[in-house]
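Architecture and fold: a report
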Amino acid sequence: MPHIYEVPYLPDASGAWTLRTHGRVMERFNSRVEALRAAVDHASADGGDTAIAVEGADGIWRPFGADFKRPVTIPRLPTQRHLFAVR
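Residues numbered from 1 in each chain as written. Predicted model: local features only at pLDDT ≥ 70, side-chain atom pairs only at ≥ 80, totals over all residues. Heavy atoms only, no water.

So, on to the side chain of Thr18. You can see Thr18 is positioned in strand 2 (residues 17-21). Overall, the relative accessible area of 5% leaves Thr18 in the buried class. When sequence neighbours within four positions are dropped, the list of residues in contact with Thr18 reads Glu6, Val7, Pro8, Asp12, Val25, Glu27, Arg28 and Ala35. (Helix = DSSP H or I, 4+ residues; strand = E, 2+ residues; numbered from the N terminus. Buried < 20%, exposed > 50% of the residue type's maximum accessible area, 1.4 Å probe, protein only. Contact = heavy atoms within 4.5 Å.)

Right under this line is the structure:
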């Protein structure tokens, strides 16, 4: 099973940001930036099919690779359609 490190958008009830894997809290941090940095460190050390999931302000979780520079999966783009104006 691949490791997925999760960093939520908001802190937990204690005011700390958590770094979770498979739903379990691994570590707590004073800032979201520290939690993201730890996720990147863990993911790059694990290598392989490790991923980082980051929750956005809109509540959507977005996947990133261990290098945190690219999405793990690139969404499929819709086929282009050409519209013509008819008078």
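Considering all chains together, one arrives at three salt bridges under this definition. Between Arg20 and Glu6 there is a salt bridge whose closest N-O contact spans 3.4 Å. Taken as a pair, Arg20 in strand 2 and Glu6 in strand 1 (residues 4-7) lie far apart in primary sequence, 14 residues in all. The exposure class assigned to Arg20 is partly exposed, which follows from its relative accessible area of 23%. (Salt bridge = Lys/Arg side-chain N within 4 Å of Asp/Glu carboxyl O.)

The nonpolar side chains of a soluble globular protein tend to be buried with one another. Val7, Leu19 and Ala39 are the most contacted members of the largest nonpolar core, which totals 13 residues. Taken together, the elements giving at least two residues each to this core come down to strand 1, strand 2, helix 1 (32-46) and strand 4 (51-55). With five residues, helix 1 is the single largest residue contributor to this core. Leave out the neighbours within four places in its chain, and Ala39 touches Tyr5, Val7, Leu19 and Ile52. (Core = buried A, V, L, I, M, F, W, Y, C linked by side-chain atoms within 4.5 Å.)

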